Amino acid sequence: MKKILYVYVKGGAPLETAFPRLAAQGELHVLALSPLPEAAKSIWEPACTSIAVHPGGLTPGEPVVEAIIAHAESIGADALFTLSEFAVLAVANAADRLGLAGAGPGIRVARDKRLMRQAWQAAGVPIPRFRRVDSAADLRGALAALTPPLLLKPAWGAGSVAQLVLTSQDQVADAWAEIEQALHRGGQVGMNELFEQNTDGDRLVEEIMDGTTEGWYDEDGYGDYLSVEGIVAKGIYHPLAITAKLPTVPPYIEVASTSPCVLPEELQRKIEDVSRRAVDALGLETCGTHTELKLRADGELVVIEVGARFGGLLTTRQTEIVFDLDPIGMLIREQLGEPVDYPPAMLVDGGRAAASVAVIPAAADGTPWKTQPIWDPERVDWSSLLSEGSAVEPVPAFMMPTGTEVPRFDPSGGSRNWLGVFLLTAVDAPTLQRDCRAILDGMESALAQPAS
């Protein structure tokens, strides 16, 4: 049986989703470069043939790659795999040196948002105007040269952490200090790039493009952005399906993604084409992809990001439930040299509807909770929130400990605001959207109800 080495650090799909699907294709060996979660351990641990926990203390860069290579050689790995944004660059470098299938040299362009936008600019991919900013003075210059509002973000970030909106020069000093603090807090919980060193100072700003769902969705309540999930196999891009979104909580905190997308097929094909142009411009070889795009007036689109890995949370599981595709299994078979049956075109019609819902201490419109209740989702009367035929499942990997007081909402905290993530399924897309909002708007009150 072929051997798979999974490199674990924080990020990506929960292990109880990923590990059984990887183990179905070969012996699964794990190299943990950060502490493995205890959540759902009874599900993911039996899928592993071996688990090695690195003692830590690795300096970002070559030492990380060398540790991966050494362990891969010791077990005779036939493929390297990770789902974390922070590990994709190190894993791709290790795979290249071992002669194994991987994302290839294009991974650095896909990881550094500044290089990514330069590649898109050269390829004529529609994107917002942007500027690299290495200092507060650069940020002031960008505010003068670009059209506010601007989004300040780390070039190597993920999960919407340390993203700030600026509209005027008098915000610069506070914003520069705040992004420093937000990056430091992210680093304390393991949200650090593993290969490139000293990345916290690498930042950019870009114009915030006006988005709209008018002319796109016939239904209200969806966000003006979405993502395309896909796989690049030997340099050929295979888009699989679109994941729709609910509107973000300001500034840009994602709270719910839904499948299937209810846009008309001709509009989904237009999105598929722009997604292909964006991915092709990065020069990737073999990897998962998660392409985010913004919907604009008059049928226009701009590309926001491409991740050279699958979307986080439950994105792959949603694709599996709705479209009967297993992206994780498909990619690892590709890396192992096994035949993979890709759909001839991106899928647009699915069965049951599914969503990832991330509860934060704010309502769907961004209004912070007025109270700080004790987090205990098992006490919630879900029947009062959900429609008939809907079901909700907590995701242990993304749950704040039960009994913890809910913290105050932190607008710059991104995914650090998550109290818990839930898999929601419903009979159809309209019911799914309704139930997502019911959870986001009703959880504060539901937690305050006395135990029955």
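Residues numbered from 1 in each chain as written. Predicted model: local features only at pLDDT ≥ 70, side-chain atom pairs only at ≥ 80, totals over all residues. Heavy atoms only, no water.

The protein is annotated in an unreviewed UniProt entry as ATP-grasp domain-containing protein from Kribbella antibiotica.

(A) Representation of the nonpolar core within the structure. Ile-68, Leu-80, Trp-120, Tyr-217, Leu-226 and Ile-271 are the most contacted members of the largest nonpolar core, which totals 64 residues. Here this core takes 7 residues from helix H4 (residues 88–98), the largest share from any one element. Filtering out sequence-adjacent residues up to four positions away, Leu-226 remains in contact with Tyr-217, Ile-242, Thr-243, Ala-244, Lys-245, Cys-261, Leu-263, Ile-271, Thr-291, Glu-292, Leu-293 and Leu-295. In this structure, Ala-32, Trp-44, Val-322 and Val-340 belong to the second largest nonpolar core, which totals 35 residues. (Core = buried A, V, L, I, M, F, W, Y, C linked by side-chain atoms within 4.5 Å. Buried < 20%, exposed > 50% of the residue type's maximum accessible area, 1.4 Å probe, protein only. Helix = DSSP H or I, 4+ residues; strand = E, 2+ residues; numbered from the N terminus. Contact = heavy atoms within 4.5 Å.)

(B) View of the environment of Arg-309. As for its placement among the helices and strands, Arg-309 is situated in the loop between strand S13 (301–307) and helix H10 (315–323). Relative accessible area serves as the criterion here: at 17%, Arg-309 is assigned to the buried category. In this structure the C-alpha to C-alpha distance between Arg-309 and Gly-11, which are 298 residues apart in sequence, comes to 11 Å. Excluding residues that lie within four positions of it along the chain, Arg-309 makes contacts with Leu-83, Glu-85, Val-88, Gly-288, Thr-289 and His-290.

(C) Molecular detail of the domain arrangement of the protein. Here the domain parsing of the protein yields domain 1 (3–100), domain 2 (129–207), domain 3 (210–349) and domain 4 (352–451). A C-alpha centroid distance of 29 Å is found between domain 2 and domain 4. (Domains from an automatic or database assignment.)

(D) Region of the structure containing empty space enclosed by the protein. Across all of its chains, the model carries 3 cavities of 30 Å³ or more by this definition. Estimates place the volume of the largest cavity at around 190 Å³. Listed by contribution, the elements that provide at least two residues to the lining of the largest cavity are strand S4 (79–81), H4, strand S12 (287–295) and helix H11 (327–335). It is H4 that provides the largest number of residues to the lining of the largest cavity, a total of 4 residues. Residues that form the lining of the largest cavity fall into these classes: 14 nonpolar, 5 polar and 1 charged. Two domains each put at least three residues into the lining of the largest cavity: domain 1 (3–100) and domain 3 (210–349). (1 Å grid on protein atoms, 1.4 Å probe; cavity = no way out; pocket = protein on both sides within 12 Å on 5 of 7 lines; lining within 4 Å. Points joined across faces, edges and corners; volume = space filled by probe spheres on them. Nonpolar A, V, L, I, M, F, W, Y, C, P; charged D, E, K, R; others polar.)

(E) Quick peek at the sheet that holds strand S2 (residues 27–32). Reading across the sheet, the 4 strands line up as S3-S2-S1-S4 and stay open at both edges, with parallel pairing between neighbours. Both edges of this open sheet fall to strand S3 (50–53) and S4, since each of them pairs with a single strand only. The mean inter-strand angle of the sheet, taken between neighbouring strand axes irrespective of direction, is 20°. Two elements, strand S1 (residues 3–8) and S4, share 3 bridges in a ladder whose sense is parallel. When the sheet's bridge partners are listed, Ile-4 is paired in S4 with Ala-79. Strands in contact with helix H1 (residues 15–23) are S1, S2 and S4; relative to S1, the strand with the most contacts, it is inclined by about 165°. Packing of helix H3 (residues 62–75) onto the sheet brings it into contact with S1, S2, S3 and S4, and relative to S1 it is tilted by some 155°. (Pairing = 2+ DSSP bridges. Axes fitted to C-alpha atoms, helices over the stretch in contact; angles between N-to-C directions.)

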